[in-house]
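Inside the fold
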Amino acid sequence: MLIWLVAGLWMTLIAYVLWYFFRAKTVQPLTIDDLALTWKVHKQRDRCNASRIHSLIKENDEVVGFRCECGYKFIQKRLITQSPQEQHVSASTIQKQIQKQLATH
């Protein structure tokens, strides 16, 4: 009986470690360039006719994703065990850049 209990605990520990290293994810802030590239790829891949991003998805005053007018939702995620990017841009900076680009067109 004790052997089954110990084996069950080891299997639970192994399952948790595998989940932690290969499946557990957290959000990753997007830079302005990443945001523009991701939206452009979405428009080309999904043949989206939207003229602009509907809204930005923010977490802790950092942009982590966007919603398109067509209903597409993108959130940048990374594995917990990966090192994060060091470039952080606030949501207000991205909104100002988008407004500036829209004003020039």
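Up top is the structure.
Right, let's get into a positive patch on the surface. On the surface, Arg 23, Lys 25, Arg 67, Lys 73 and Lys 77 cluster together to form a positively charged patch. Of note, Lys 77 is situated in strand E5 (residues 77–79). For Lys 77, a relative accessible area of 52% puts it in the exposed group.

We now examine the packing of aromatic side chains. If you walk through the whole model with that rule in mind, you get 5 aromatic pairs. Relative to Phe 21, the ring of Tyr 20 has its centre 5.4 Å away and its plane inclined at 90°; by these criteria the two rings are edge-to-face. Taken together, Tyr 16, Trp 19, Tyr 20 and Phe 21 form an aromatic cluster joined through their ring pairs.

This part is about the nonpolar core. Residues Leu 30, Leu 35, Trp 39, Cys 48, Ala 50, Ile 53, Leu 56, Val 63, Phe 66, Cys 68, Phe 74 and Ile 94 constitute the largest nonpolar core, which totals 12 residues. Elements supplying a minimum of two residues to this core: helix H2 (32–45), strand E2 (53–59) and strand E3 (62–68). The element best represented in this core is E3, accounting for 3 residues.

What follows deals with the sheet that holds E2. Judged by pairing direction, the sheet is antiparallel, and its 3 strands sit side by side in the order E2-E3-E4 without closing on themselves. The open sheet has two edge strands, E2 and strand E4 (73–75), and neither has a second partner. Direction aside, the axes of adjacent strands within the sheet are offset by 25° on average. Where E3 meets E4, 3 bridges bridge the pair, whose relative direction is antiparallel. Looking at E4, one finds that Gly 65 is bridged to Ile 75. Relative to the sheet, H2 contacts E2, E3 and E4, its axis offset from that of E3 by approximately 20°.

Our focus in this paragraph is the pairing of E3. Across the 7 residues that make up E3, a large majority, 5, are buried. Inspection of the sheet shows E2 paired to E3 by 6 bridges, in the antiparallel sense. Paired with Leu 56 across the bridge in E3 is Phe 66. If you look at the hairpin formed by E2 and E3, you'll find 2 residues sitting between the two strands, and Asn 60 has a positive phi there, around 55°.

Residue placement: Gly 71 occurs in the loop between E3 and E4. Overall, Gly 71 belongs to the exposed group, its relative accessible area being 61%. Spatially, the C-alpha atoms of Gly 71 and Ala 50 are 9.8 Å apart, while their sequence positions differ by 21 residues.

What follows deals with the pattern of salt bridges. A complete count under the given rule lists 2 salt bridges for this structure. The salt bridge involving Arg 45 is made with Asp 46; its shortest N-O contact spans 3.3 Å. Residue Arg 52 pairs with Glu 69 through a salt bridge whose shortest N-O separation is 3.4 Å. Here the residue Arg 52 occupies a position in the loop between H2 and E2, and Glu 69 occupies one in the loop between E3 and E4, the gap between them amounting to 17 residues. Overall, Arg 52 belongs to the partly exposed group, its relative accessible area being 41%.

Reading guide: rules and limits
- Residues numbered from 1 in each chain as written.
- Predicted model: local features only at pLDDT ≥ 70, side-chain atom pairs only at ≥ 80, totals over all residues.
- Heavy atoms only, no water.
- Patch = residues over 30% accessible without salt bridge, like charges linked within 9 Å, V, L, I, M, F, W, Y side chains within 5 Å.
- Areas by Shrake-Rupley, 256 points an atom, 1.4 Å probe, with all protein chains shown as cover.
- Salt bridge = Lys/Arg side-chain N within 4 Å of Asp/Glu carboxyl O.
- Lys, Arg positive; Asp, Glu negative; His and termini not counted.
- Charge placed at Lys NZ, Arg CZ, Asp CG, Glu CD.
- Helix = DSSP H or I, 4+ residues; strand = E, 2+ residues; numbered from the N terminus.
- Buried < 20%, exposed > 50% of the residue type's maximum accessible area, 1.4 Å probe, protein only.
- Phe/Tyr/Trp six-rings, centres within 6.5 Å; stacked < 30°, edge-to-face > 60°.
- Core = buried A, V, L, I, M, F, W, Y, C linked by side-chain atoms within 4.5 Å.
- Pairing = 2+ DSSP bridges.
- Axes fitted to C-alpha atoms, helices over the stretch in contact; angles between N-to-C directions.
- Contact = heavy atoms within 4.5 Å.

Such coordinate-based values are descriptive only and should not be taken to indicate function.
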